[in-house]
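Working through the structure, step by step
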Amino acid sequence: MREFLVGTDWWTDCDDAMALRLLARAHRAGEIRIRGVGINACMQDSAASLAGFLRLEGVTDIPLGLDRAATDFGGRPPYQRHLAQYAPDWHNDRAEDAIALYRRLLAAAETPLEIIEIGYPQVLAGLLGSPADALSPLGGLELVRQKVKKCWVMAGKWDENPGRENNFGRNERSRRAGAALCRLCPVPITFLGWEAGASVITGNELEPGDALAQALRDHGSGNGRSSWDPMLALLALTGDETAAGYDTVRGRASVDPETGCNHFTQAPDGPHCFVVKNRPDGFYQRAINEKIKTMRK
């Protein structure tokens, strides 16, 4: 069975919630195993709202981590306040430090796993730069080299060179972390960029009483939302870019730590690739809407 660590900003946008439903349902069905989820934007109800959402999905066995320093992204999403009521026993102090969570879970992994990142990159960058400690005698770079097979990352804007997108370019920490991730990561990375998900609208076929539909309405996207994060989640779950409906461009990605602009140098043996849709938008929309649809009681 494929095993994953999942990173999410779980911030002001609702596409994270659609992605987490895809992943939680695959976990609950025994199709994959999610070892842990790291939240990389810290707000008042971050941990409680994600714990509440996972409980609504019937998932209570996934440990949560949080980057408590990530308070500089701004916003106050109403969907977090609504979802937190389903986990009144949770609060941010209950979550582990996100980097420590990743180190602990990687050290304990018997076989290499995969990482899905649909948020900001500073936890992954922090993991790569982490020193040996009581959790593992390995520094982060070697720990990832030994215990991670691949990273699937929603970030960048790859139809322009250079391009610029929120997950890399939001603030100084995300810019510097994106640069470190691209420079240091010792395992392959597949990127899904802004241009892939912007025109694919999903979440518009949910029933009104569905908590996910409420999260979309809270965001102001009751008629659906661009599908950056659920497209990355579905791509990672499929595990094969071609089978998921994409062509790939291979080479080496980089991020300017001062501007957050992403660059790409093509090379047939490069460690990175970004995906390019080779199907109509409706193909991806139908696949996601089918998997996130409201379950009948």
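Notes on the structure follow. (Residues numbered from 1 in each chain as written. Predicted model: local features only at pLDDT ≥ 70, side-chain atom pairs only at ≥ 80, totals over all residues. Heavy atoms only, no water.)

With respect to the overall build of the chain
Along its length, the chain carries 12 helices and 12 strands. Taking 19 Å as the expected radius of gyration for a compact globule of 297 residues, we find that the chain reaches 18 Å, a close match to that expectation. Put simply, the chain has 297 residues, and 57% of those count as buried. Excluding contacts between residues fewer than 6 apart, the proportion of contacts in the chain whose partners are at least 24 apart in sequence is 81%. (Helix = DSSP H or I, 4+ residues; strand = E, 2+ residues; numbered from the N terminus. Rg over C-alpha atoms; globule rule 2.2 N^0.38 Å. Buried < 20%, exposed > 50% of the residue type's maximum accessible area, 1.4 Å probe, protein only. Contact = heavy atoms within 4.5 Å.)

A closer look at helix 8 (residues 172-184)
Its 13 residues give helix 8 an end-to-end C-alpha distance of 18 Å, which sits within 8% of 18 Å, the value for a rise of 1.5 Å per residue. By the burial criterion, the buried members of helix 8 are Ser174, Arg175, Ala177, Gly178, Ala179, Ala180, Leu181 and Cys182. Residues of helix 8 that are buried make contact with helix 5 (122-128), helix 7 (166-169), strand 7 (189-192), strand 10 (246-255) and strand 12 (272-277). Its side-chain oxygen placed 3.2 Å from the backbone nitrogen of arginine 173, asparagine 171 serves as the N-cap of helix 8. (Expected span 1.5 Å × (residues − 1). Polar contact = N/O pair within 3.5 Å; in protein donor to acceptor, adjacent residues only side chain to side chain.)

Regarding the layout of surface pockets
To find the voids left in a structure, one rolls a probe of water-molecule size over its atoms. What the second largest pocket holds in volume is close to 180 Å³. Every residue lining the second largest pocket is counted, 14 residues in all, and those nearest its centre are Asp13, Asp15, Asn166, Asn167 and Trp228. Contributions of two or more residues to the lining of the second largest pocket are made by helix 1 (15-28), helix 7 and helix 11 (228-238). (1 Å grid on protein atoms, 1.4 Å probe; cavity = no way out; pocket = protein on both sides within 12 Å on 5 of 7 lines; lining within 4 Å. Points joined across faces, edges and corners; volume = space filled by probe spheres on them.)

Notes on the pairing of strand 10
As paired strands, strand 10 and strand 12 are joined by six bridges and run antiparallel to one another. Looking at strand 12, one finds that tyrosine 246 is bridged to lysine 277. The sheet contact formed by strand 10 and strand 11 (residues 262-266) spans five bridges and is antiparallel. Bridging from a neighbouring strand, valine 255 pairs with asparagine 262 of strand 11. As consecutive antiparallel partners, strand 10 and strand 11 are separated by six residues, and within that stretch glycine 260 has a phi angle of approximately 80°, a positive value. (Pairing = 2+ DSSP bridges.)

So, the sheet that holds strand 10
Strands sit in the order 4-3-2-1-5-6-7-12-10-11 across an open sheet of 10 strands; the sheet is mixed. Two strands in the sheet have a free side with no partner beyond their single neighbour: strand 4 (96-97) and strand 11. Set on the sheet, helix 6 (residues 140-147) makes contact with strand 5 (113-117) and strand 6 (148-154); between it and strand 6 the angle comes to about 105°. (Axes fitted to C-alpha atoms, helices over the stretch in contact; angles between N-to-C directions.)

Some thoughts on the nonpolar core
In this structure, Trp10, Ile116 and Leu192 are the most contacted members of the largest nonpolar core, which totals 66 residues. The residues contacting isoleucine 116, other than those within four sequence positions of it, are Phe4, Leu5, Val6, Gly7, Leu23, Trp152, Leu232 and Ala236. Counting 33 residues, the second-largest nonpolar core is a separate cluster that includes Val123, Cys151, Val187 and Phe191. (Core = buried A, V, L, I, M, F, W, Y, C linked by side-chain atoms within 4.5 Å.)

Some thoughts on the environment of arginine 33
Within the secondary structure layout, arginine 33 lies in strand 2 (residues 32-39). With 20 residues separating them in the primary sequence, arginine 33 and phenylalanine 53 have C-alpha atoms 17 Å apart. Once residues within four sequence positions are removed from consideration, arginine 33 is found in contact with Met1, Arg2, Glu3, Phe4 and His27.

Some points on the packing of aromatic side chains
Tallying each qualifying case throughout the model produces 11 aromatic pairs. Both rings, one in tryptophan 158 and one in phenylalanine 191, keep their centres 5.1 Å apart while their planes meet at 40°; by these two values the pair is tilted. Highlighted residues: tryptophan 158 in the loop between strand 6 and helix 7 and phenylalanine 191 in strand 7, separated in sequence by 33 residues. Side by side, tryptophan 158 and phenylalanine 191 carry an identical accessibility label, which is buried. Pairing tyrosine 246 with tyrosine 284 gives two aromatic rings, centres 5.2 Å apart and planes at 35°, and the pair type is tilted. Of this pair, tyrosine 246 sits in strand 10 while tyrosine 284 sits in helix 12 (residues 281-292); the two residues are 38 residues apart in sequence, bridging distant segments of the chain. The two residues tyrosine 246 and tyrosine 284 agree in class, both being buried. Grouped by ring-pair contacts, the aromatic residues Trp158, Phe168, Phe191, Phe264 and Phe274 constitute a single cluster. In this structure, lysine 150 packs its charged tip against the face of tryptophan 152, placed 4.1 Å from the ring centre. (Phe/Tyr/Trp six-rings, centres within 6.5 Å; stacked < 30°, edge-to-face > 60°. Lys NZ or Arg CZ within 6 Å of the ring centre and 35° of its normal.)

Points about the packing of helix 1 against helix 11
One can describe the packing of helix 1 onto helix 11 by two numbers: an axis separation of 6 Å at closest approach and a directional angle of 25°. When the interaxial angle is binned, helix 1 and helix 11 end up roughly parallel. For the pair helix 1 and helix 11, the sense of crossing is right-handed. Of the residues in helix 11, those in contact with Asp15, Asp16, Met18, Ala19, Leu22, Leu23 and Ala26 of helix 1 are Trp228, Asp229, Pro230, Ala233, Leu234 and Leu237. Among the residues making up the contact of helix 1 with helix 11, the classes are represented as 10 nonpolar, no polar and three charged. (Parallel < 35°, antiparallel > 145°, perpendicular 65-115°, else oblique. Left-handed = near helix turned anticlockwise from the far one by under 90°. Nonpolar A, V, L, I, M, F, W, Y, C, P; charged D, E, K, R; others polar.)

Keep in mind that these numbers describe shape and distance, not what the molecule does.
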